[in-house]
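Residue-level listing of the chains:
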Amino acid sequence: MSNTVHQVPSRLLDSSKCPKPHIDSFEKYKKIYEESIKDPQAFWGKQAKELLHWHKPFETVLTGGLEHGDVAWFREGELNASYNCIDRHALANPDKVAIIHEADEPGNSRRITYGELLHEVSRLANTLKSLGLKKGDTVAIYMPMIPEAAVAFLACARLGLVHSVVFAGFSSEALRSRIIDASSKLVITADEGRRGGKTIHTKKIVDVALEGCSTVEHVLVFRRTGSEVPFSAPRDLWWHEELEKHRPYCPPEIVNAEDPLFLLYTSGSTGKPKGVVHATAGYLLGAAITFKYTFDYQENDVYGCMADIGWITGHTYIIYGPLLNGATTVLFESTPVYPTASRYWEVVAQHKITQLYTAPTAIRLLRRFGNDYVKGHDLSSLRIIGSVGEPINPEAWEWYYEVVGRKECSVVDTYWQTETGSIVLTPLPGATPMKPGSATFPFFGIEPAVLEAETGKELEGNDVEGVLVIKKPWPSMARTVYNNHHRYMDTYLNVYKGYYFTGDGVGRDHDGFYWIRGRVDDVISVSGHRLSTAEIESALISHQSVAEAAVIGVHDDLTGQCVHAFCTLKPDQGGTDVSELVLQVRKVIGPFAAPKKIYISSDLPKTRSGKIMRRVLRKIVSGETNQLGDLSTLADPSIIPVLIDIVQKS
Ligand code: ATP
Ligand code: MG
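Residues numbered from 1 in each chain as written. Chains lettered and ligands numbered in written order. Predicted model: local features only at pLDDT ≥ 70, side-chain atom pairs only at ≥ 80, totals over all residues. Heavy atoms only, no water.

Chemist: Honestly, the overall build of the chain in this entry has me stumped. Any pointers?
Modeler: Within the chain, the secondary structure is distributed over 18 helices and 31 strands. Relative to the compact-globule value of 26 Å for 650 residues, the chain shows a C-alpha radius of gyration of 24 Å, a close match. Along the first, second and third principal axes, the C-alpha atoms of the chain reach 70 × 55 × 55 Å. In the chain, the proportion of contacts linking residues at least 24 apart, taken out of those at least 6 apart, comes to 72%. Total accessible area computed for the chain in this model is approximately 23,500 Å², and 50% of it derives from carbon and sulfur atoms. (Helix = DSSP H or I, 4+ residues; strand = E, 2+ residues; numbered from the N terminus. Rg over C-alpha atoms; globule rule 2.2 N^0.38 Å. Contact = heavy atoms within 4.5 Å. Areas by Shrake-Rupley, 256 points an atom, 1.4 Å probe, with all protein chains shown as cover.)

Printed below as a string of structure tokens:
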């Protein structure tokens, strides 16, 4: 646990340099937070009226609760998500840029205004209507990072169709199982995708996925590269041919607050992905308010989230959050290292990005490449730099803060989940002191608690360790798992009755800061000491030659469990002696946490969103290589035999 505290950079509070933050002192944050917890219904009711447009106002703020899993927000209210994201802004300011598309090929960018977005979304919505799709039907979206993907989300929302976005790097099998689970009637896709200079055969993958899949009636194909692709009429339709037939205005289908807006499968870090269902109004409110305050959104900002639209981060913080606020959002099609490890910085400088949001895996990767790739790029437009997806190791945090942020930007380490819909723990950039590696404090209206894992007893006060739960419903929480409410109850609400269980371990330090320790499933217990994966991994990364680390608990006759670690090294550190790394952990944490074995490999098993899959490492080390579990979300399957070999030879 690092004790370094960084205050809000003075530049952010200097009105000659930066716009005045919405929340510009910690006292102000605390005051609003306390009000939001004391009377959540008053708080959320007021925010819902201010931040969303209602076609029919709600009367009740909240009914139901965590006990029975019957939560409903704003239940009489009616609204439309695409109206809220587009029409409001297209009416007031049609020429404002909604989306900047930064294509895979450097130097190719495209700007789409709110007015144009309304036209495109309307044409597509009219197309979908003409194909017979009706409110409540599910549509699979399997698209590259192009503006048409956003158009597809919003056209579904315009008609009350439920979108189920599948990350376009997934295999045919992963796509097929998601299409079948969601009973999707239509697939919206592209001929091909481009990423990091490589071509992805998107349409071909869809065709294989659809073999033996009876629910899908049509496949709508956008032409991204123009290459020849397999095409089978009448099932397959070209986007450009269909949209041309329809007029560029489509009235929004007004839906109930609790009607589903989308479903989305979790990353699969801990097991089989779950089809998480989000309700329209509550989700939109969570997206709008967290975007506004966490990224301190101001009128002239250019905001860039580097996630993929296939993940919840892309849903909430590339599309819904920014557009609800009328912001300009960057849609980035490429990778942080294409054509070089300077790509992010070139994009920031070119578009004058004010908020950059990415994941620890990308930050660690760029840190591994070294500072030269960052230097020489004008990053002065940045005010806020964010991280999401995994605990960020303090060493990587400091690098981000100093080298990218030049100590002049607030770092927002945002903790949340597919199921929470929007950010639940985060600093606010103009208000919250930062501790590297801590997601700091709860967002407004979120009441976290720390429970003792075994007994479920609530641990009050500071300096406590346990599991992270949330005590009261919040608007953007998932309402169910698609067609599997039982699984929803058992995973989130029945574990500790009356609480929402996150599945993550947490510490609340002497100052009340929250520290995510990693998955409860991954916690390691050595001679009765409960060790956090995040803490040991951060100790390893603090050694100058380590780029990434993953630790797991392995059965040990003497101590119950012992620690094994997998590390990747920075370039030219091949000669590093593993005993040095063991020493590093003894020094930083203590002898009891010292890894019994360290394996050096070229990569770690990660989900396609870049999260380390420790469950796979556990199986490899215990020799259960024929029971690796669901690998559909694994980014690079070729690493598995390599890791098995390393472990067997050790
Ligand atoms: P699955 O639920 O299928 O195992 P997943 O939990 O990885 O997959 P997501 O919903 O994408 O799916 O990820 C949420 C999880 O990511 C959190 O529960 C937490 O473990 C981790 N996480 C996200 N942001 C942070 C953060 N800022 N700090 C620490 N951990 C984070
Ligand atoms: Mg999860």
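Chemist: Help me understand the pattern of salt bridges in this model?
Modeler: It is possible for side chains bearing opposite charge to pair when their charged atoms get close. Using the criterion set out here, one finds 43 salt bridges in the structure. A network of salt bridges, in which partner residues are shared, links Arg364, Glu390, Glu548, Asp603 and Lys606. (Salt bridge = Lys/Arg side-chain N within 4 Å of Asp/Glu carboxyl O.)

Chemist: Hey, could you run me through the domain arrangement of the chain in this one?
Modeler: Buried accessible area, meaning the area lost when the parts come together, often serves as the stated size of an interface. On domain assignment, one finds that the chain holds domain 1 (10-506) and domain 2 (527-649). Centre-to-centre separation of domain 1 and domain 2, based on C-alpha positions: 30 Å. Each partner contributes residues to the interface: domain 1 has 25 residues there, and domain 2 has 27 residues. When domain 1 packs against domain 2, close to 2,100 Å² is buried across both sides, 50% of that on carbon and sulfur atoms. Taken as a group, Ser269, Arg367 and Arg368 account for 27% of the area that domain 1 buries against domain 2, more than any other trio of residues on that side. One can count 2 salt bridges joining domain 1 with domain 2. The salt bridge partner of Glu454 is Arg530, with a shortest N-O separation of 3.5 Å. Summed over the shared surface of domain 1 and domain 2, the result is 11 residue pairs in polar contact (both at pLDDT 80 or more). Per element, the largest residue contribution to the side of domain 1 that touches domain 2 is 4 residues, and it comes from helix H12 (residues 360-369). (Domains from an automatic or database assignment. Buried area = accessible area lost by both parts, 1.4 Å probe. Polar contact = N/O pair within 3.5 Å; in protein donor to acceptor, adjacent residues only side chain to side chain.)

Chemist: Teacher, can you tell me more about the site of ligand 1 here?
Modeler: Close to ligand 1 lie 20 residues, the nearest being Thr266, Ser269, Thr270, Thr418 and Asp504. Between ligand 1 and the protein, one listed contact pairs an oxygen atom with a side-chain N or O atom of Ser267 at 2.7 Å. Here a nitrogen atom of ligand 1 sits 2.8 Å away from a polar atom, N or O, in the side chain of Asp413. Contact with the protein chains covers 95% of the free accessible surface of ligand 1, which is 640 Å². (Near = heavy atom within 4 Å.)

Chemist: I tried to follow the layout of surface pockets on my own but got confused; where do I start?
Modeler: Vacant regions in the atomic arrangement are exposed by a probe of water-molecule size rolled over the atoms. In this structure, the second largest pocket occupies an estimated 380 Å³ of space. Along the wall of the second largest pocket there are 22 residues; nearest its centre are Tyr33, Pro442, Pro448, Arg508 and Tyr514. Elements supplying a minimum of two residues to the lining of the second largest pocket: helix H1 (26-38), strand S21 (448-451) and strand S22 (458-459). With 7 residues, the top contributor of residues to the lining of the second largest pocket is H1. (1 Å grid on protein atoms, 1.4 Å probe; cavity = no way out; pocket = protein on both sides within 12 Å on 5 of 7 lines; lining within 4 Å. Points joined across faces, edges and corners; volume = space filled by probe spheres on them.)

Chemist: Sorry if this is basic, but what is going on with the environment of Val551 here?
Modeler: Tracing the chain through its elements places Val551 in strand S29 (residues 546-556). When the C-alpha atoms of Val551 and Ile524 are compared, they prove to be 8.9 Å apart, with 27 residues separating the residues in sequence. Setting aside anything within four residues of it in sequence, one finds Val551 in contact with Ile524, Thr533, Ile536, Glu537, Leu540, Val563, His564, Ala565 and Arg614.

Chemist: Explain the sheet that holds strand S19 (residues 384-387) here, please?
Modeler: Backbone-to-backbone hydrogen bonds pair the strands of a sheet. The strands run either parallel or antiparallel. One open sheet holds the 7 strands; their spatial order is S5-S4-S17-S16-S18-S19-S20, and the pairing between them is mixed. Strands at the two margins of the open sheet, each flanked by one partner only, are strand S5 (109-113) and strand S20 (410-413). In this sheet, neighbouring strand axes are inclined to one another by 20° on average, regardless of whether the strands run parallel or antiparallel. Alignment of S19 against S20, held across 4 bridges, turns out to be parallel. If you follow Gly386 over to S20, its bridge partner there is Val412. (Pairing = 2+ DSSP bridges. Axes fitted to C-alpha atoms, helices over the stretch in contact; angles between N-to-C directions.)

Chemist: What's the story with the UniProt feature "domain: AMP-dependent synthetase/ligase" (unreviewed entry) in the chain in this structure? I'm lost.
Modeler: Cross-referencing UniProt, the feature "domain: AMP-dependent synthetase/ligase" (unreviewed entry) maps to residues 87-474 in the present numbering. As a span, residues 87-474 carries 31% helix and 22% strand, and end to end its C-alpha atoms are 26 Å apart. (UniProt positions renumbered as here; feature names shortened; annotations may be inferred.)

Chemist: It is not clear to me how the packing of aromatic side chains should be interpreted in this structure. Could you clarify?
Modeler: Aromatic ring pairs are defined here through the distance separating the ring centres and the angle between the ring planes. Under the definition given, this model contains 41 aromatic pairs. Where Trp73 meets Phe74, the ring centres are 5.6 Å apart and the plane angle is 45°; that geometry is what we call tilted. For the residue pair Trp73 and Phe74, the accessibility class agrees, reading buried in each case. Relative to Tyr373, the ring of Phe369 has its centre 5.7 Å away and its plane inclined at 85°; by these criteria the two rings are edge-to-face. Over the ring of Phe170 we find Arg178; its NZ or CZ atom is 4.5 Å from the centre of that ring. Geometry around Trp238 places Arg223 over its ring, the cationic atom sitting 4.5 Å from the centre. (Phe/Tyr/Trp six-rings, centres within 6.5 Å; stacked < 30°, edge-to-face > 60°. Buried < 20%, exposed > 50% of the residue type's maximum accessible area, 1.4 Å probe, protein only. Lys NZ or Arg CZ within 6 Å of the ring centre and 35° of its normal.)

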